[in-house]
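Spelled out, the chains give:
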Amino acid sequence: MTSNTPLSTLQTGNNYYAWVRTARPSTNNRGIYIYRLESNGATTLISDLKKASVGDQWQWVKMNKKGQATNYIFTKADFGSGLVVKGDGLNTGAVYVDKILITDDVSFDPNI
């Protein structure tokens, strides 16, 4: 099931987990980065997924907080007005991103 629920409906004080459905067809390609869209149009990096975590087959990958390889917890404030996904090679077909999923269920794994 797909839901296009606005980020504004997220509850303040809850923990959230971000998953990205991605593939990286070459081991030479780097990572995926999620940016928070600010109300003035600027972007702030909130998540950085390094290349070792992304395989050549489509998979859901849990995104970590920027610079914190084992911290996967986000808050409503982390998402700001929206999200922008960027990747090294994203525009050249070197890294593919299909979907972003945000959940408050710590045990949820879309790969299962």
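Structure first, text after, so check above.
Residues numbered from 1 in each chain as written. Predicted model: local features only at pLDDT ≥ 70, side-chain atom pairs only at ≥ 80, totals over all residues. Heavy atoms only, no water.

Visitor: Describe the pattern of salt bridges, with residues and values.
Guide: Under the defined criterion, the tally for this structure stands at three salt bridges. A salt bridge links Glu38 to Arg36, with the nearest nitrogen and oxygen atoms 2.8 Å apart. Its salt-bridge partner being Lys65, residue Asp78 comes within 3.2 Å of it at the nearest N-O pair. Of this pair, Asp78 sits in helix α1 (residues 76–79) while Lys65 sits in the loop between β4 (59–62) and α1, and the two are 13 residues apart along the sequence. (Salt bridge = Lys/Arg side-chain N within 4 Å of Asp/Glu carboxyl O. Helix = DSSP H or I, 4+ residues; strand = E, 2+ residues; numbered from the N terminus.)

Visitor: Could you give an account of the nonpolar core, naming the residues involved and the relevant values?
Guide: Judged by nonpolar contacts, the single largest core of 13 residues is most densely connected at Ile32, Met63, Phe74 and Phe79. If you list the elements that add at least two residues to this core, you get β1 (17–23), β2 (32–37) and β3 (43–49). Sequence-distant contacts of Phe74, that is, excluding residues within four places in its chain, are made with Asn14, Asn15, Tyr16, Ala18, Ile46, Ser47, Met63, Asn64, Lys65 and Phe79. (Core = buried A, V, L, I, M, F, W, Y, C linked by side-chain atoms within 4.5 Å. Buried < 20%, exposed > 50% of the residue type's maximum accessible area, 1.4 Å probe, protein only. Contact = heavy atoms within 4.5 Å.)

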